[in-house]
Amino acid sequence: SAYRQFLENYSDSQANPVFGLIYIDDDEIPELVIIGGQAHFDGADIYTIYNDQVTKVNGDYSYGEYGSFSYAPKENRIFSGYMNHGYTTSNFYSIVDGKDNKIASFSDDLENVGEDMAEYKYNDATVSYEEYKAANDSLYVNMQTFGYTDCVPVTSENINSQLQ
């Protein structure tokens, strides 16, 4: 398979990358997820088959943190959240033509300034907490977490057993 060849030639600066297969969009071809670790800055890279080629869905960034992200199986929704120094940023994506397409973005500074002073943004517009929560909740439906511990190390043995 294309993923088998891709993984056999995979090299990265990540010391112990792991991989797994999940179904993000509604076709019968799984997406390949590669995660480099479980540190705060470790997210996931997602690959799909587009025009018979293995294509990286995300750009020069990764999804999630601590080696995990969320997705809605077969519903073509990926959730990527990141928190740093009291600020939270999260985005929802779908896969379109082999690349990610941002559906919505959310950010807040709740943990930095407290509830009374917090500013909530939905698609870069300042909104009330109620609007923010309703919009976020409407997209965070049927989500499940996928991460480093759901994957296996990138080894010849695992490539052969996972990609038969």
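All of these numbers come straight from a predicted model, not from anything done at the bench.

Our focus in this paragraph is the pattern of salt bridges. Charged atoms that come close allow side chains of opposite charge to pair. The tally for this structure, following the rule as stated, stands at 4 salt bridges. With a closest N to O distance of 3.2 Å, Glu75 and Arg77 form a salt bridge. For Lys133, the salt bridge is made with Asp137, and the minimal N-O distance between the two is 2.7 Å. On the criterion of helical spacing, the pair formed by Lys133 and Asp137 is a turn pair, its members being 4 residues apart in helix 3 (residues 129-139). Note on Lys133: relative accessible area 36%, which makes it partly exposed.

Residue placement: Asp25 occurs in the loop between strand 1 (18-22) and strand 2 (31-35). No salt bridge is formed by the buried Asp25; the nearest opposite charge belongs to Lys74, separated by 6.5 Å. Setting aside residues up to four positions removed in sequence, Asp25 forms contacts with Glu31, Lys74 and Asn76.

With that settled, the discussion passes to the packing of aromatic side chains. Applying the stated rule across the entire model yields 17 aromatic pairs. Between Phe6 and Tyr10, the ring centres sit 5.9 Å apart and the planes meet at 50°, which makes this aromatic pair tilted. Take Tyr10: its relative accessible area is 16%, and that puts it in the buried class. By way of ring pairs, the aromatic residues Phe79, Phe92, Phe106, Tyr120, Tyr122, Tyr129, Tyr132 and Tyr140 are connected into one cluster.

This next bit is on the confidence of the model for the protein chain. Model confidence for the protein chain is summarised by a mean pLDDT of 92, while 98% of its residues fall at 70 or above. Per-element averaging of pLDDT across the protein chain places helix 2 (residues 110-113) at the bottom with 77 and strand 5 (residues 68-72) at the top with 97.

Before going further, it helps to spend a moment on helix 3. Among the residues making up helix 3, those that are buried are Tyr132, Ala135, Asn136 and Leu139. Along the axis of helix 3, the buried positions cluster into a sector of 95°, meaning they face one direction only. Residues of helix 3 that are exposed and point over 90 degrees away from its buried face: Glu130 and Ser138. In this structure, the buried side of helix 3 is in contact with strand 6 (77-84), strand 7 (87-96), strand 8 (99-108), strand 9 (120-122) and strand 10 (125-127).

It is worth spelling out the environment of Ile103 at this point. With respect to the secondary-structure elements, Ile103 resides in strand 8. Dropping the residues within four chain positions of it, Ile103 is found in contact with Asn76, Arg77, Phe92, Tyr93, Ser94, Asn123 and Leu139.

What follows concerns the sheet that holds strand 4 (residues 53-56). An order of 4-3-2-1-12 is seen for the 5 strands of this open sheet, with the pairing classed as antiparallel. Because the sheet does not close on itself, it has two edges, and the strands there are strand 4 and strand 12 (152-153). Bridge count between strand 2 and strand 3 (residues 44-50): 4 bridges; the pairing is antiparallel. Each residue of the ladder has a partner; that of Ile34, found in strand 3, is Asp45.

What counts, and where the lines are drawn
Residues numbered from 1 in each chain as written. Predicted model: local features only at pLDDT ≥ 70, side-chain atom pairs only at ≥ 80, totals over all residues. Heavy atoms only, no water. Salt bridge = Lys/Arg side-chain N within 4 Å of Asp/Glu carboxyl O. Helix = DSSP H or I, 4+ residues; strand = E, 2+ residues; numbered from the N terminus. Buried < 20%, exposed > 50% of the residue type's maximum accessible area, 1.4 Å probe, protein only. Lys, Arg positive; Asp, Glu negative; His and termini not counted. Contact = heavy atoms within 4.5 Å. Phe/Tyr/Trp six-rings, centres within 6.5 Å; stacked < 30°, edge-to-face > 60°. pLDDT = per-residue confidence, 0-100. Arc of directions from axis to C-beta. Pairing = 2+ DSSP bridges.

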